[in-house]
Amino acid sequence: MSLKSLQVIFFNEEKCINFLLEKEILKDKQSCEICNSEITRYINYYKCKNRECNKTESVFKNTIFSNSNIKCNDILLIGYFWLYKLSYILINMMTTFSSVTIIKFTNIFRDLAISKLTSEDHIIGGKNIICKIDESKFKKYEDFWVVGGTERTKEKKCFFVITENREAPTLRRIIKQHSKSFKNRIQQGTGVHTNSVEGLWNGVKLNISTRNCSKQLLEKHLYEFIWRRKNRNNLFEAFINLLK
Ligand SMILES: [Zn+2]
């Protein structure tokens, strides 16, 4: 989805709210919670038509857009830039929002993306699927290794585990936990290979800025990478689903 095709929702709060209602990210309420009377929506809040009740309620209640100092269309724009991997510095330059605000929302989007992953998304392999598994060090993380694996399939499913050592029992345990049919294949002498996974590491390291990044945040970035890879053919749609 191009920025041009989405400009209306990014630069107009009212149209953005309509878009969010249409996508069922915001609830389109018809009646008052208190008195059950009809309610009217005034752009960003609902108001009960019953004069004795008069209850008002934000359309953003119980969503990531509530209690924010920036508008919903601005939050969506930050999300769009995050989706297309703009750096914090670039997002800051383009939107003039503070890095605190930008980091707050990109963290929310990342956590939502990770919450959408199932245990199956962290497992590779299966019948007749060749996998490659390898370990790598990340800059600034001298204390541990990242073990990663990927399939030789169209989906290119992958997994990552941060580990303190790369001794054989540790690697065996990780491979067993994150790949299907591992045992059989080793016995047959085919299947799981431990040769280099250069492509995967290049992709991951290009996407992850390890500056000021804790071990926990590195893990989140690795899982975000899995979510991005899983949804690479419909990234914007997947992003919209995160907000629901
Ligand atoms: Zn009411």
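As shown above, the structure is provided for reference.
Below, the structure is looked at part by part.

What counts as what
Position numbers for residues count from 1 along each chain, tracking the sequence in the order it is written. A pLDDT threshold of at least 70 governs which residues receive local features in this predicted model, and a stricter bar of 80 or more applies before side-chain atom pairs are shown or counted, although totals over entire chains, interfaces and linings include all residues. Each side-chain value is worked out from all heavy atoms of the structure, with water and hydrogens disregarded. Space inside and on the surface of the protein is sampled on a 1 Å grid over the protein atoms alone, with a cavity defined as a set of points where a 1.4 Å probe fits but cannot get out and a pocket as an open set with protein on both sides within 12 Å along at least 5 of 7 lines; lining residues have an atom within 4 Å of a point. Grid points are joined across faces, edges and corners, and a volume is the space filled by probe spheres set on the points. Amino acid classes used here: Ala, Val, Leu, Ile, Met, Phe, Trp, Tyr, Cys and Pro are nonpolar; Asp, Glu, Lys and Arg are charged; the rest, including Gly, are polar. Pairing of aromatic side chains here covers Phe, Tyr and the six-membered ring of Trp, requires ring centres within 6.5 Å, and sorts the geometry by plane angle: under 30 degrees stacked, over 60 edge-to-face, intermediate tilted. Each helix is a run of DSSP H or I of at least 4 residues and each strand a run of E of at least 2, with the numbering of both proceeding from the N terminus. The classification of residues rests on relative accessible area computed with a 1.4 Å probe and restricted to protein chains. Under 20% of the type maximum is buried, over 50% is exposed, and intermediate values are partly exposed. To be clear, the arc concerns the directions from the helix axis to the C-beta atoms. Note on contacts: a residue pair is in contact if any heavy atoms of the two residues lie within 4.5 Å. Axis angles are defined between N-to-C directions and span 0 to 180 degrees, where every axis is a line fitted to C-alpha atoms and, for a helix, only to the segment in contact. These descriptions rest on fixed angle ranges, namely under 35 degrees for roughly parallel, over 145 for roughly antiparallel, 65 to 115 for roughly perpendicular, and the rest for oblique. For any pair of crossing helices, the crossing counts as left-handed if the nearer helix is rotated counterclockwise from the farther one by less than a right angle, and right-handed if it is rotated clockwise. Any two strands are treated as partners once DSSP identifies two or more bridges connecting them. Donor atoms (N, O, S) are those found within 2.8 Å of the metal centre, with the cutoff raised to 3.2 Å for Na, K and Ca; water is not part of the atom list, so apparent gaps in a site can occur. Square planar and octahedral sites, with four and six donors, are those where opposite donors lie more than 155 degrees apart and all other angles lie between 65 and 115, tetrahedral sites have four donors with every angle between 85 and 135 degrees, and the rest are irregular.

Of the volumes computed, that of the second largest pocket is approximately 160 Å³. Lining the second largest pocket are Ile 25, Leu 26, Lys 27, Lys 29, Glu 33, Tyr 46, Glu 57, Ser 58, Val 59, Lys 61, Asn 62 and Thr 63. Class assignment for the residues of the lining of the second largest pocket results in four nonpolar, three polar and five charged.

Attention shifts here to the packing of aromatic side chains. Counted under the stated rule, the structure contains 15 aromatic pairs. Aromatic pair Phe 138 and Trp 201: ring centres 6.0 Å apart, planes at 85°, arrangement edge-to-face. In this pair, Phe 138 sits in strand E5 (residues 131–138) while Trp 201 sits in helix H8 (residues 198–207), placing the two residues 63 residues apart along the sequence. For the residue pair Phe 138 and Trp 201, the accessibility class agrees, reading buried in each case.

What follows covers unusual backbone geometry. Working note: non-glycine residues mostly have negative phi, and peptide bonds are mostly trans. Of note in the backbone geometry, Asn 62 takes a positive phi value of approximately 60° without being a glycine. Looking at the secondary structure, you find Asn 62 in the loop between strand E3 (56–58) and helix H3 (72–83). Backbone geometry at Lys 85 places phi at a positive 65°, although glycine is not the residue there. Counting through the fold element by element, Lys 85 comes out in the loop between H3 and helix H4 (88–95).

Let us look at H8. All buried positions along H8 are accounted for by Leu 200, Trp 201, Gly 203 and Val 204. All buried residues of H8 lie within an arc of 160° about the axis, which places them on one face of the element. Away from its buried face, by an angle of more than 90 degrees, H8 presents the exposed residues Gly 199 and Leu 206. The elements touched by buried residues of H8 are E5, strand E6 (141–151), strand E7 (158–163) and helix H9 (215–230).

As a further point, take empty space enclosed by the protein. The final tally for this structure, using the stated rule, is one cavity of 30 Å³ or more. Taken together, Lys 29, Ser 31, Cys 32, Glu 33, Ile 39, Tyr 46, Cys 48, Lys 55 and Glu 57 make up the full set of residues lining the largest cavity. When its residues are assigned to classes, the lining of the largest cavity shows four nonpolar, one polar and four charged.

This next bit is on the packing of H8 against H9. Here H8 crosses H9 at 110°, and the two axes come no closer than 10 Å. Relative to H9, the element H8 is oriented roughly perpendicular. Of the two elements, H8 crosses H9, and the hand of that crossing is right-handed. Contact with H8, carried on its side by Leu 200, Gly 203, Val 204 and Asn 207, involves Leu 222, Phe 225 and Arg 229 of H9 and no other residues of that element.

It is worth spelling out the sheet that holds strand E2 (residues 45–48) at this point. Sheet strands associate in pairs through backbone hydrogen bonding, adopting either a parallel or an antiparallel arrangement. Pairing within the open sheet is antiparallel, and its three strands lie in the order E1-E2-E3. Among the strands making up the open sheet, the edge pair consists of strand E1 (39–42) and E3. The mean angle between the axes of side-by-side strands here comes to 25°, regardless of whether they run parallel or antiparallel. Bridging between E2 and E3 involves three bridges; their strand directions are antiparallel. Residue pairing for E3: Lys 47 is matched across the bridge by Thr 56.

Right, let's talk about the coordination of the zinc ion for a bit. Ligation of the zinc ion by protein atoms is provided by Cys 32 (SG), Cys 35 (SG), Cys 48 (SG) and Cys 53 (SG), these donors lying 2.2 to 2.4 Å from the ion. For the zinc ion, the four donor atoms are set out with angles of 94 to 113° between them, so the coordination reads as tetrahedral. For the zinc ion, all donor residues lie on one chain, and their spacing in sequence is C-x2-C-x12-C-x4-C. One end of the pair, Cys 35, is in the loop between helix H2 (13–22) and E1; the other, Cys 48, is in strand E2, with 13 residues separating them in the sequence.

Attention now goes to the sheet that holds E7. Sheet architecture is open: three strands sit in the order E5-E6-E7, paired in antiparallel fashion. The sheet is open, and its two borders are formed by E5 and E7, each paired with just one other strand. Mean inter-strand twist for the sheet, computed between neighbouring axes without regard to direction, equals 20°. Here seven bridges tie E5 to E6, and the two strands are oriented antiparallel to one another. Bridging from a neighbouring strand, Ser 136 pairs with Val 146 of E6. Running over the sheet, helix H6 (residues 168–178) touches E5, E6 and E7 and is turned about 145° from E7. Along the sheet face, H9 touches E5, E6 and E7 and points at about 175° away from the line of E7.

Read these as spatial facts, not as claims about activity.
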